[in-house]
Amino acid sequence: ETFLVLCSWFFEPASWLLLAGDLATQRSSSSGRQEIRACKRLHICIFQMTMTENWKLVQTIGDKPVGSLTDGDVVSAVEFDEKGQYLATGDRGGRVRIYEKADVSQASSPSSLRRTITGAISSHSEKGPGFEYKFWHEFQSHEAEFDYLKSLEIEEKINCLRWCKSMNNSFMLLTTNDKTIKLWKVQDKKKHTPIAEFRPKVVPKNGKGASSIQFPNLHAGSRGIVSTPKRVFANGHAYHINSISLNSDCETFISADDLRINLWNLGISDTSFNIVDIKPANMEELTEVITAASCHPEQCNVFLWSNSRGSIKLADTRDRALCDTHAKVFEEEDDPSRRSFFSEIISSIADVKFSRDGRHILSRDYMCLKLWDVNMESRPIRTIYVHEQLRSKLCDLYENDAIFDKFQCSFSGDSKFLLTGSYHNYLHIYERIGKGDVCIEAAKKPVSKSRLNLPRPKSKKQDEVTEMDLDKKVLHCAWHPSEPCVAVGALNTVYVYHNAEIQKQMMGGSH
């Protein structure tokens, strides 16, 4: 009967749930409990496959042939603005590119031929999302520098970028490399260019005075997009900056390096307040470093940071100015049976985020994704093992430095879904409540898969599961603030996916 249900999945998609439901109702005796459980698992699997097919590739941004790819073209940051109207990307070359959301006519635009998850080209009758992100502006945010005092080369790579809340027609962005944070203003305005027009000499009536004074004229040219650095927040960190986060008061932000977290005001670039300092008097006693920091989305006095030991610490600036002693610590005890030489490396948290309502915390380390409740510190409410199949390969991953890759994570706008990346250009979308797992390969011709919870025969050879292309990886990801739309960065390309079915449910719920 299980085989019949699987066959029906291939040949009659409309009868998936009906067949699975019939089997579940027919088995009411105690001897058929296993079949009932199998059918329940089939319900989950069918739902997962349906959800996977609904995620469609909208567009690819910045795709280049492999031969022409340079290290400076690799994407290092992806971020939507507060309304989702603009998408900003940063790369290792210090450049920031901004894309604007534009409506696309389904009937007239060639982009209406969109590729689905299976790689097939959809027809005009199949409604797509009706939008795409078109190139809007590009500017050079950071340049390569050299610190002569420390004999240290500072890369131009954009480590992090954040949109500030827009108050008028202009936009403000915070960008940072390893040492310097910059506040950029981007706006559409007329470009004024000074032109030296030499007018005839003016001779005074009395014949005295300077008669050869000439002034250049300022001519207003055509309208264009202009990016201007408004503030440069320099010399605030002695170590590499790993994250910046804008506060809910829209006036301040925090920046974190390996040992310190500073609080800045957007209008003051020469002064910052040190709110966390874990540097010991003797550096040999150093046991942990700060890996990421994030501000609370609603309370400007609350923030958190993660460290290399796998713990998350939450602090309140109302309690004390220097928050070395945390208010809460979210930490899970290690399982002695799973401890190994690489335990400290893989437990280091690469990214940590608040949900939009501030109720949940999402953290990502090398092996797994953890969801925490702010009111429960003892253990996460859910642990998702993203790279569990690589546990037997940790030695090889250590030798080629892949074990030090930092994967980001993100909440959906309504906090119902979780997003993170993996190797082989895979991106994972999980349900916050439930066991849904959508796994999509970010590619022009993607091959998607769902983790089916069906019983499988045990096999000694699992090379097919653990063999992944480690050079292809989705490290950076972002979720649209109000729509089921995600953007992920893989090498030099940004892939944008959209789910029309979830969009319909959200619109139906709003009504």
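Residues numbered from 1 in each chain as written. Predicted model: local features only at pLDDT ≥ 70, side-chain atom pairs only at ≥ 80, totals over all residues. Heavy atoms only, no water.

**Q** Mind laying out unusual backbone geometry, listing which residues take part and the relevant values?
**A** For H424, which is not glycine, the phi dihedral falls at a positive 60°. If you trace the backbone, H424 turns up in the loop between β25 (417-421) and β26 (426-431). Phi at L491 is positive, roughly 55°, even though this residue is not glycine. L491 sits in the partly exposed class, given a relative accessible area of 40%. (Helix = DSSP H or I, 4+ residues; strand = E, 2+ residues; numbered from the N terminus. Buried < 20%, exposed > 50% of the residue type's maximum accessible area, 1.4 Å probe, protein only.)

**Q** Kindly report on the sheet that holds strand β5 (residues 131-140), identifying the contributing residues and their values.
**A** Pairing within the open sheet is antiparallel, and its four strands lie in the order β2-β3-β4-β5. Strand pairing shows two members of the sheet lacking a second neighbour, β2 (75-80) and β5, which therefore form its edges. Direction aside, the axes of adjacent strands within the sheet are offset by 20° on average. When β2 meets strand β3 (residues 86-91), the two strands line up antiparallel, connected through five bridges. Within β3, the position partnered with V78 by the bridge is T89. (Pairing = 2+ DSSP bridges. Axes fitted to C-alpha atoms, helices over the stretch in contact; angles between N-to-C directions.)

**Q** I'd like a rundown of the nonpolar core, residues and numbers included.
**A** Counting residues in hydrophobic clusters, the biggest one holds 18 residues, and the most contacted among them are W55, L427, I429 and Y497. Where this core is concerned, the elements lending two or more residues are β1 (55-61), β25, β26, β27 (437-441), β29 (476-479), β30 (485-490) and β31 (493-499). Counting residues in hydrophobic clusters, the runner-up holds 15 residues, among them Y86, L161, W184 and V186. (Core = buried A, V, L, I, M, F, W, Y, C linked by side-chain atoms within 4.5 Å.)

**Q** Explain the packing of aromatic side chains residue by residue, including any values.
**A** For the coordinates displayed, the defined rule picks out 24 aromatic pairs. Arranged with centres 5.8 Å apart and planes meeting at 85°, the rings of W55 and W479 form a pair that is edge-to-face. Pair noted here: W55 is in strand β1 and W479 is in strand β29, with a separation of 424 residues, a long-range link. What makes W55 buried here is its relative accessible area of 1%. Between Y398 and F404 the ring centres are 6.0 Å apart and the planes differ by 50°, which places this aromatic pair in the tilted class. (Phe/Tyr/Trp six-rings, centres within 6.5 Å; stacked < 30°, edge-to-face > 60°.)

**Q** Please provide a residue-by-residue account of the sheet that holds strand β14 (residues 260-265), values included.
**A** Within a sheet, adjacent strands bond to each other through the backbone by hydrogen bonds, running parallel or antiparallel. The antiparallel open sheet is built from four strands, whose spatial order is β12-β13-β14-β15. Each edge of the sheet is formed by a strand with only one pairing partner; in this case those strands are β12 (243-246) and β15 (268-277). In this sheet, neighbouring strand axes are inclined to one another by 25° on average, regardless of whether the strands run parallel or antiparallel. By the bridge criterion, five bridges tie strand β13 (residues 252-256) to β14 in an arrangement that is antiparallel. In the sheet register, S255 faces β14, and the bridge partner there is N262.

**Q** Provide a residue-level description of the state of the cysteines, including the pertinent values.
**A** What the rule picks out here adds up to zero disulfides. Between C295, a cysteine without a disulfide, and C300, which holds the nearest cysteine sulfur, the sulfur-to-sulfur distance is 9.2 Å. (Disulfide = S-S within 2.5 Å.)

**Q** Can you tell me about the pairing of β1, naming the residues and giving the values?
**A** Of all the seven residues making up β1, five are buried; the element is thus mostly covered by neighbouring parts of the structure. When β1 meets β31, the two strands line up antiparallel, connected through six bridges. For Q59, the partnering residue across the bridge sits in β31 and is V496.

**Q** Provide a residue-level description of the confidence of the model for the protein chain, including the pertinent values.
**A** Confidence in the prediction for the protein chain averages 79 pLDDT; 74% of positions are at 70 or higher. Counting contacts from residues 1-31, a segment whose pLDDT is below 50, to residues more than four positions away or on other chains yields 29 contacts. Note on residues 106-126: pLDDT under 50 across the span, and 50 contacts to partners over four residues away in sequence or across chains. (pLDDT = per-residue confidence, 0-100. Contact = heavy atoms within 4.5 Å.)

**Q** An account of a negative patch on the surface is needed here, citing residue identities and associated values.
**A** Together, E331, E333, D334 and D335 make up a region of like negative charge exposed at the surface. Secondary-structure assignment places E333 in the loop between β19 (328-330) and α4 (343-346). (Patch = residues over 30% accessible without salt bridge, like charges linked within 9 Å, V, L, I, M, F, W, Y side chains within 5 Å. Areas by Shrake-Rupley, 256 points an atom, 1.4 Å probe, with all protein chains shown as cover. Salt bridge = Lys/Arg side-chain N within 4 Å of Asp/Glu carboxyl O. Lys, Arg positive; Asp, Glu negative; His and termini not counted. Charge placed at Lys NZ, Arg CZ, Asp CG, Glu CD.)

**Q** Before we move on, could you go through the environment of A490 and cite the residues and values that matter?
**A** Note that A490 resides in strand β30. On the basis of relative accessible area, A490 is assigned to the buried category, the value being 3%. Not counting chain neighbours up to four residues away, the residues in contact with A490 comprise N425, K473, V474 and Y495.

**Q** Quick rundown of the side chain of N247? Include the residues and the values.
**A** Secondary-structure assignment places N247 in the loop between β12 and β13. Apart from the residues within four sequence positions on either side, N247 is in contact with T252, F253, C295, H296, Q299 and C300.

**Q** Kindly report on the environment of D324, identifying the contributing residues and their values.
**A** In this fold, D324 is placed in the loop between β18 (312-316) and β19. Taking the C-alpha atoms as reference, D324 lies 5.3 Å from V276; in sequence the two are 48 residues apart. With residues near it in sequence (within four places) discarded, D324 still touches I275, V276 and D277.

**Q** Go over the side chain of S363 with me, naming the residues and quoting the values.
**A** Here S363 shows up in strand β21 (residues 360-364). For S363, a relative accessible area of 4% translates into the label buried. Among the polar contacts made by the side chain of S363, one reaches the side chain of W372 at a distance of 3.3 Å. For S363, the contacting residues outside a window of four places in its chain are I312, I349, D351, V352, C368, L369, K370, W372 and C409. (Polar contact = N/O pair within 3.5 Å; in protein donor to acceptor, adjacent residues only side chain to side chain.)

**Q** If you had to explain the pairing of strand β23 (residues 382-385) to someone new, which residues and values would you point to?
**A** The side chains of a regular strand alternate, first on one face of the sheet and then on the other. Residues of β23 alternate between two faces, with R382 and I384 buried on one and T383 and Y385 left unburied on the opposite face. As paired elements, strand β22 (residues 368-373) and β23 share four bridges and run antiparallel to each other. Note that in β23 the partner of L371 across the bridge is R382.

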